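Survey of secondary and tertiary structure
Given next are the chains, with one letter for each unit.
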Amino acid sequence: MKNACLTSKQTGTNKMIKLPEPITAYFDPSNSVAQKVAAFNETAIVEDEKQRHHGQPEIGKWMEDVKAKYNFVAEPIEVAHIAEQIAVKAKVSGDFPNSPIELDYRFELANGKIEKLLIG
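A quick note: this is a predicted structure, and the numbers were derived from the prediction, not measured.

Our next topic: the pattern of salt bridges. By the definition in use, this model includes three salt bridges. Between Arg52 and Glu47 there is a salt bridge, with its nearest N and O atoms 2.4 Å apart. For Arg52, a relative accessible area of 48% translates into the label partly exposed. By relative accessible area, Glu47 is classed as partly exposed at 26%.

So this is what it looks like as structure tokens:
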């Protein structure tokens, strides 16, 4: 699996962040919801705000709902590999109290796509 880099403009820092392509696609603010959903396996799971979303259709609906509710942008600022997960710390700015905040994203990949995403 190839890694892709987010530019310093995308990350808001002076360093390059190297991430696998599906994770880069997830964070790329220029990608549509359909492009972001395509980075997930058909059976993928996302857990966010104590809710579980299973499969590409549910994940797409979740993405649309969260974007409409918070109008947010997530910018990766750190990455680490922890066991089978890729942990990404991101600065999240949007229409919510205390913006911006830092959130932890834990990704598990399978077959070149995102299989699981935990946000907390």
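So, about the confidence of the model for the protein. Scored by pLDDT, the protein has a mean of 90; 88% of the residues are at 70 or more. This model gives residues 7-11 a pLDDT under 50, and the stretch forms 14 contacts once residues within four places in sequence are excluded.

This next bit is on the packing of aromatic side chains. Within a pair of aromatic rings, the relevant descriptors are the distance that separates the centres and the angle that separates the planes. Tallied over the full model, the rule gives eight aromatic pairs. Taken together, Tyr26, Phe27, Phe40, Tyr105 and Phe107 form an aromatic cluster joined through their ring pairs. The ring of Phe72 carries the charged tip of Lys67 above its face, separated from the ring centre by 5.4 Å.

Here we take up the nonpolar core. By size, the foremost hydrophobic cluster in this structure holds 27 residues, and its most contacted members are Tyr26, Phe27, Phe40, Trp62, Tyr105, Phe107 and Leu117. Elements with a minimum of two residues in this core: strand 2 (17-20), helix 2 (21-27), strand 3 (40-48), helix 4 (55-70), strand 6 (85-93), strand 7 (101-110) and strand 8 (113-119). Considering each element in turn, this core owes the most residues, five residues, to helix 4. Beyond its immediate stretch of four places on either side in the chain, Trp62 contacts Tyr26, Val46, Asp48, His53, Leu117 and Ile119.

Pairing of strand 6 with strand 7 involves seven bridges; the strand directions are antiparallel. Its bridge partner lying in strand 7, Ile86 is registered against Phe107. In textbook terms, the turn of a hairpin is the stretch between consecutive antiparallel strands, and for strand 7 and strand 8 this stretch comprises two residues, one of which, Asn111, has a positive phi near 55°.

A word on the environment of Leu109. When you line up the elements, Leu109 lands in strand 7. The exposure class assigned to Leu109 is partly exposed, which follows from its relative accessible area of 26%. Distance from Leu109 to Gln85, taken between C-alpha atoms, is 7.7 Å for residues 24 residues apart in sequence.

Quick look at helix 4 now. The end-to-end C-alpha distance of helix 4, which contains 16 residues, comes to 22 Å, matching closely the 22 Å that a straight helix rising 1.5 Å per residue would cover. Every buried residue of helix 4 is listed here: Gly55, Ile59, Gly60, Trp62, Met63, Val66 and Tyr70. Along the axis of helix 4, the buried positions cluster into a sector of 165°, meaning they face one direction only. Away from its buried face by more than 90 degrees, helix 4 exposes Pro57 and Ala68. In this structure, the buried side of helix 4 is in contact with helix 2, helix 3 (33-37), strand 3, strand 4 (51-54) and strand 8. In the stretch just after helix 4, Asn71 is the one whose phi turns positive, near 45°.

So, how was this worked out
Residues numbered from 1 in each chain as written. Predicted model: local features only at pLDDT ≥ 70, side-chain atom pairs only at ≥ 80, totals over all residues. Heavy atoms only, no water. Salt bridge = Lys/Arg side-chain N within 4 Å of Asp/Glu carboxyl O. Buried < 20%, exposed > 50% of the residue type's maximum accessible area, 1.4 Å probe, protein only. pLDDT = per-residue confidence, 0-100. Contact = heavy atoms within 4.5 Å. Phe/Tyr/Trp six-rings, centres within 6.5 Å; stacked < 30°, edge-to-face > 60°. Lys NZ or Arg CZ within 6 Å of the ring centre and 35° of its normal. Core = buried A, V, L, I, M, F, W, Y, C linked by side-chain atoms within 4.5 Å. Helix = DSSP H or I, 4+ residues; strand = E, 2+ residues; numbered from the N terminus. Pairing = 2+ DSSP bridges. Expected span 1.5 Å × (residues − 1). Arc of directions from axis to C-beta.

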